[in-house]
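Residue-level structure breakdown
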Amino acid sequence: MSSMGMVQRLRCGGKKGGGRVPAVAPSFVLALCLVVCWRDDARALSVFAVRDFYHSVGGGYNISNSKAVSRDFSSSQTTQESIEDYNAGFAYYLVSPLLLKGQSSFDLEWQQNGTNDELGDRKTSQFQVHYNIFGQLLPLSAMPAAFSAASSRQTISPPFSPSYQSETDIRTAHLSVQNKYVPASMSFTQQTQQTSGLAVNTRQSSDSLSFNAVPDLQEFGKITLAASLAKSDSSVLRGAAGGESRTGMVQAGYQGEWHTDAGLARHLTLNSSLQQTAGIYTLDSSSLNGFLGWQFGKKLDGSVSAFSSKNRSESASSDNRGVSAQLQQTLMGSLTTGVSVSATSEEFDRGSNNSYNAGLSFSYRKKLPEASAFSASYSYGKGLLERNGDVATVSVLNEQWTIPADLLRHITLAHPSFDPATLEVKGAQSLLTYPASYYKVVADGIELLNTFPGDTDVLISYSYRQDPGISTVSTSHGFNSALDLYGSKYRIYLNAHMSDTSLRKGDATGLTLTETRHVDTGATARLKRHTLSAETGYDKGYAGDVYYLSTSWRYGGPFAYGDLTLSAADRWSTLSSDSGASFWSNSATLQSSYRRAFGRLLGSFTANYANVLLQGGAMSHSTNLGANVEGKFGKLSAVLNSNLSWTYSGAGWSVGEGIGISLRRSF
């Protein structure tokens with residue numbers, strides 16, 4: 001009998017009807033069967049069992065080309081990549097499913113790359129092992145443990161940007177203590193990520209260790225305890241930019257809730273935290289806050305909250321404290337009245353800011369026939385601000401903003417009196433400091449011209465100016481109204497807010513005495529597959545007067561035996577300052593996607609266009625086209641993808657294109 005015939009007839013413990021060993025290399029299977037008991041019956045006991053084995057082979061080829069031309073320079077790059085790989089996976093058990101169980105898969109990849117650019121021709125080849133391992137140790141015990149390790153490679157195609165590849169490695173270990181009174185867990189995570197195929201590629205790595213416990217005090221409430229250590233660093237490949245961050249944090253909290261005999265609720269929440277950060281910035285912070293909610297009656301609720309925080313950084317330090325109280329009553333199910341008071345204090349190195357505020361609010365909501373409703377609210381506030389000492393500038397550290405989806409990427413800072421010379425922008429995810437060429441400073445904030453891959457938010461640090469040694473009184477009014485018709489199928493709204501400041505003591509400039517105004521009105525219509533919206537508004541503040549008009553339209557539904565999604569948006573705005581200067585801009589986006597099956601093929605197609613027009617005639621265009629076709633023919637699958645991106649402005653133009661094909665045969 002041949003060796004292959006012997007291998008294919010081996011059974012787990014000689015039991016008839018056991019699973020058949022896959023027809024792979026004889027030497028590999030013979031060695032595996034010395035320690036493995038192959039089985040189909042999950043209830044059987046075995047030292048080490050493997051089941052649900054699968055494997056496949058695949059290959060692919062990708063070619064991409066990019067070119068950028070401006071007044072000062074031009075660059076081009078062509079990249080070719082070929083990949084052959086073998087993939088295998090299986091589920092496993094150790095000493096029975098009660099001790100260890102999990103799934104594993106491995107991908108052995110041989111990759112060859114060729115690059116042609118200004119530096120010449122370069123060719124590289126490398127062997128990589130991608131993996132995905134998951135296991136549970138003692139899954140049914142009081143202290144189950146889990147571990148996982150995964151390595152992946154994927155193509156990312158963001159709108160209005162070239163596609164690129166991202167390689168990620170993640171390793172985790174998790175231990176749980178399942179206790180009735182003090183459940184706890186501890187986990188460790190290690191991650192690395194690297195991009196390729198971009199003009200500027202990045203590499204990021206991080207390690208984190210965390211501990212959590214939730215002691216349950218039964219009817220007396222619940223305690224939460226947490227501690228974590230984290231380290232992360234990032235760098236630009238073939239560049240000098242980089243950053244590192246190390247953070248340690250300890251948190252503790254309490255949550256309690258109880259009810260009176262009459263069914264009235266009481267809530268008490270206490271939280272405290274201590275955090276130290278070093279690396280790209282240094283910050284020591286601590287905080288303590290509490291909240292007490294008290295239901296005086298079925299229609300009368302009150303609450304008291306207090307906080308205290310300390311922050312120490314290289315540039316400044318501050319101590320903040322505050323307390324507030326609210327009382328709210330609902331009458332006849334439609335009218336709600338409220339009163340609030342608050343006091344806060346900010347202490348700096350050379351002075352302090354103290355503020356005292358009080359307010360009244362009224363809101364009304366009336367249900368109408370045909371699932372419609374009308375709502376309106378009014379608020380009035382009065383405030384006293386005292387600035388003591390010689391604090392003319394205040395530092396803001398890591399003000400976080402989500403990167404806007406439109407091409408203009410305009411971010412309005414919280415303090416418009418910022419000093420442009422103190423601006424520093426970092427990626428919240430990449431931890432990389434953005435060079436000055438990546439953003440443009442405007443009157444009320446910044447406009448992002450470029451971003452690092454992976455960043456969805458930015459951290460902006462700066463200093464803003466204020467008038468020191470003054471005392472002011474502020475008055476504010478707010479009005480909001482909305483009419484919802486036919487179950488919110490149609491909505492019409494109007495909002496208006498205003499505030500004025502008067503001087504009680506000291507000398508003040510426009511930094512303090514500028515009045516603010518905001519008015520917006522708009523409508524939304526949801527018409528089955530179509531959604532339309534329009535809004536116009538006016539803002540007045542320190543940076544100047546802003547008028548804007550925004551419109552949008554979206555369609556989603558079946559079309560030509562597939563699913564079609566279309567959207568269009570436009571925003572026009574103009575900014576005029578007190579000096580008489582004015583500036584206007586208009587941004588527009590068109591996006592579309594179509595998905596349809598063609599027999600055994602499934603196609604996905606996208607087309608996007610964005611345009612920005614600035615005063616003076618400056619204009620920029622961005623276009624992105626993409627196609628992805630997948631097919632499955634028995635055990636053979638194929639994927640074809642292509643993309644094209646193009647940008648143009650008065651400063652230059654760039655184009656990026658790529659196409660790739662991959663095949664896989666399963667066994």
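Just so you know, these numbers come straight off a predicted model, no measurement behind them.

In the sheet, strand 28 (residues 544-559) pairs with strand 29 (residues 562-576) via 15 bridges, with the strands oriented antiparallel. Across the sheet, the residue bridging to L549 is W572, located in strand 29. Hairpin geometry of strand 28 and strand 29 is characterised by an intervening segment of two residues between the two adjacent antiparallel strands and by a positive phi of about 50 degrees at A560. Pairing between strand 29 and strand 30 (residues 582-598): 15 bridges, direction antiparallel. By the bridge assignment, T574 is partnered in strand 30 with W584.

With that out of the way, let us pick up the pairing of strand 24 (residues 471-485). As paired elements, strand 17 (residues 372-389) and strand 24 share 14 bridges and run antiparallel to each other. Bridge assignment links Y378 to a residue of strand 24, and that residue is F479. Both strand 24 and strand 25 (residues 490-505) contribute to a ladder of 15 bridges, which runs antiparallel. Residue H477 lies in a different strand from strand 25, and its bridge partner there is M498. With antiparallel pairing between neighbouring strands as the criterion, strand 24 and strand 25 make up a hairpin whose turn holds four residues, including Y486 at a positive phi of roughly 55 degrees.

Glancing now at unusual backbone geometry. In the Ramachandran plot, Q218 falls in the positive-phi region, its phi being about 60 degrees despite a non-glycine side chain. Considering the arrangement of structural elements, one finds Q218 in the loop between strand 8 (202-213) and strand 9 (222-236). Even without being glycine, Y561 reaches a positive phi, approximately 65 degrees. For Y561, a relative accessible area of 75% gives the class exposed.

Another aspect to go through is the confidence of the model for the chain. Averaged over every residue, the pLDDT of the chain is 86; residues scoring 70 or more account for 91%. Note on residues 1-43: pLDDT under 50 across the span, and 55 contacts to partners over four residues away in sequence or across chains.

Evaluation of the coordinates by the stated rule reveals nine aromatic pairs. Look at F418 and Y462: their rings are 6.3 Å apart centre to centre, the planes differ by 75 degrees, and that puts the pair in the edge-to-face class. With F418 in the loop between strand 19 (410-412) and strand 20 (424-427) and Y462 in strand 23 (residues 457-465), this residue pair connects regions lying 44 residues apart in the sequence. On the basis of relative accessibility, which here comes to 3%, the residue F418 falls in the buried class. Chaining the aromatic ring pairs together yields one cluster made of Y434, Y438 and F452.

Now for a nonpolar patch on the surface. Among the surface-exposed residues, W258, W294, F296, L327, V339, L360, F362, Y378, F479, L494 and V519 lie close enough to one another that they form a single nonpolar patch of about 930 Å² accessible area. Those elements that provide at least two residues to the nonpolar patch are strand 12 (283-297) and strand 16 (351-368). In this structure, F296 sits in strand 12.

Take the pattern of salt bridges next. Think of it this way: side chains of opposite charge can pair up when their charged atoms draw near. Here the structure, examined in full by the defined rule, presents 12 salt bridges. Taking the shortest distance from any N to any O, the salt bridge between R51 and D52 comes out at 3.7 Å. Among the ionic pairs, R664 bridges to D85, the shortest N-O distance being 2.6 Å. Residue R664 is located in strand 34 (residues 652-666), and its partner D85 is located in strand 2 (residues 74-94); the two are separated by 579 residues in the primary sequence. One continuous salt-bridge network, built from bridges that share partners, spans D500, E515 and R517.

Mapping L368 onto the fold places it in strand 16. Residue class for L368 comes out partly exposed when judged on its relative accessible area of 34%. When residues no more than four places from it in sequence are discounted, the contact partners of L368 are A373, F374 and L483.

Spatially, the three strands line up as an open sheet ordered 19-22-21, and their pairing is antiparallel. Looking at strand neighbours, the two that pair on one side only are strand 19 and strand 21 (439-442), the edges of this open sheet. The sheet shows a mean angle of 25 degrees between the axes of neighbouring strands, taken without regard to direction. Two elements, strand 19 and strand 22 (residues 445-448), share three bridges in a ladder whose sense is antiparallel. Bridge pairing links T412 to G445 in strand 22.

The subject of this paragraph is the sheet that holds strand 23. Reading across the sheet, the three strands line up as 18-23-20 and stay open at both edges, with antiparallel pairing between neighbours. In this open sheet, the two strands that pair with only one neighbour each are strand 18 (393-402) and strand 20. Averaged over neighbouring strand pairs, the angle between their axes works out to 20 degrees when direction is ignored. With four bridges connecting them, strand 20 and strand 23 associate as antiparallel partners. Paired with K426 across the two strands is L459, which belongs to strand 23.

Rules behind the numbers
Counting starts from 1 at the beginning of each chain's written sequence and moves along it residue by residue. Only residues with pLDDT of at least 70 get local features here, since the model is predicted, and only at 80 or more are side-chain atom pairs given and counted; chain-wide, interface and lining totals rely on the full set of residues. To obtain the side-chain values, all non-hydrogen atoms of the structure were used and water was disregarded. A strand pair is defined by DSSP finding two or more bridges across the two strands. Where helices and strands are cited, they refer to DSSP runs of H or I of at least four residues and of E of at least two residues respectively, numbered from the N terminus. Accessibility here uses a 1.4 Å probe with only protein chains present; expressed as a share of the type maximum, an area under 20% marks a residue as buried, one over 50% as exposed, and anything in between as partly exposed. Per-residue confidence from the predictor is reported as pLDDT, which spans 0 to 100. Working rule for contacts: check all heavy atoms of both residues, and any pair within 4.5 Å makes them a contact. Note on aromatic contacts: the rings of Phe and Tyr and the six-membered ring of Trp form a pair at centre separations within 6.5 Å, being stacked when their planes are under 30 degrees apart, edge-to-face when over 60 apart, and tilted otherwise. A patch consists of residues whose relative accessible area exceeds 30% and which take part in no salt bridge; residues with like charges are grouped when within 9 Å of each other, and nonpolar side chains (Val, Leu, Ile, Met, Phe, Trp, Tyr) when within 5 Å. Each accessible area is a Shrake-Rupley result for a 1.4 Å probe, and residues are judged covered by the shown protein chains and nothing else. Here, a salt bridge means any side-chain nitrogen of Lys or Arg that lies within 4 Å of a carboxyl oxygen of Asp or Glu. Axes here refer to lines fitted to C-alpha atoms; in helices the fit is confined to the stretch in contact. Angles between the N-to-C directions go from 0 to 180 degrees.

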